[in-house]
Amino acid sequence: QLVESGGGLVQPGGSLRLSCAASGFTFSNYAMSWYRQTPGKGRELVARIRNTGGITTYADSVKGRFTISRDNAKNTVYLQMNSLKPEDTAVYYCNAKRITIDYWGQGTQVTVSS
């Protein structure tokens with residue numbers, strides 16, 4: 001199970017930190033990712049962190065503004081979002097993946113608006 005939290009309404013230029021708490025599987029064995037989706041569009045990969053080595057990948061649109069991190073002791077992955085823009089408005093989903101196994105959270109809404 002994956003449970004996201006931390007979404008909400010923020011003004012442009014502001015910051016939010018999303019959290020995703022995992023349970024029911026061996027968290028440290030899974031790559032963890034954040035995706036986002038807006039109405040009428042497909043789910044877009046925002047950031048990914050591998051299960052070992054802390055290797056990260058970011059969408060070009062968020063590089064330099066967002067940071068993904070994980071705490072294997074707490075079974076939690078985070079997404080620190082800075083310098084938020086209106087185009088970052090979306091439902092953000094947490095994903096855990098290992099080979100062919102995928103888990104998804106229920107999503108958390110992030111709205112960037114003045």
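This structure is a prediction, so every number in the text was calculated from the model and none was measured.

Caption draft 1: Broad picture of the packing of aromatic side chains. All chains considered together, the criterion is met by 4 aromatic pairs. Taking 5.8 Å as the distance between ring centres and 40° as the angle between the ring planes, the aromatic pair formed by Tyr 30 and Tyr 103 counts as tilted. Within this pair, whereas Tyr 30 is found in the loop between β3 (16-22) and β4 (31-37), its partner Tyr 103 is found in strand β10 (residues 101-104), the two being separated by 73 residues in sequence. Feature note: the residues Phe 25, Tyr 30 and Tyr 103 constitute an aromatic cluster, connected by ring pairs. The side chain of Arg 43 reaches across the aromatic face of Tyr 93, ending 3.7 Å from its centre.

Caption draft 2: Structural context of the sheet that holds β3. The 4 strands lie next to each other as β1-β3-β8-β7, forming an open sheet whose pairing is antiparallel. Two strands lie at the open edges of the sheet, namely β1 (2-5) and β7 (66-71), each paired on one side alone. This sheet shows a mean twist of 15° between the axes of neighbouring strands, independent of strand direction. Bridge count for β1 against β3 is 4 bridges, and the pairing is antiparallel.

Caption draft 3: Structural detail: the pairing of strand β11 (residues 108-112). Along β11, the buried face is formed by Thr 108, Val 110 and Val 112; none of Gln 109 and Thr 111, which line the opposite face, is buried. Bridge analysis of strand β2 (residues 8-10) against β11 gives 3 bridges, and the strand direction is parallel. Counted as the bridge partner of Gly 8 is Val 110 from β11. Two elements, strand β9 (residues 90-98) and β11, share 3 bridges in a ladder whose sense is antiparallel. The residue of β11 that forms the bridge with Tyr 92 is Thr 108.

Caption draft 4: Representation of the pattern of salt bridges in the model. Applying the stated criterion across every chain yields a total of 5 salt bridges. The partner of Arg 36 in a salt bridge is Asp 88, and the shortest N-O contact between them spans 2.9 Å. Taken as a pair, Arg 36 in strand β4 and Asp 88 in the loop between β8 (76-81) and β9 lie far apart in primary sequence, 52 residues in all. For the pair shown, Arg 36 and Asp 88 are each scored as buried. Connected through shared salt-bridge partners, Arg 36, Glu 44, Arg 65 and Asp 88 make up one network.

About the cut-offs
Residues numbered from 1 in each chain as written. Predicted model: local features only at pLDDT ≥ 70, side-chain atom pairs only at ≥ 80, totals over all residues. Heavy atoms only, no water. Phe/Tyr/Trp six-rings, centres within 6.5 Å; stacked < 30°, edge-to-face > 60°. Helix = DSSP H or I, 4+ residues; strand = E, 2+ residues; numbered from the N terminus. Lys NZ or Arg CZ within 6 Å of the ring centre and 35° of its normal. Pairing = 2+ DSSP bridges. Axes fitted to C-alpha atoms, helices over the stretch in contact; angles between N-to-C directions. Buried < 20%, exposed > 50% of the residue type's maximum accessible area, 1.4 Å probe, protein only. Salt bridge = Lys/Arg side-chain N within 4 Å of Asp/Glu carboxyl O.

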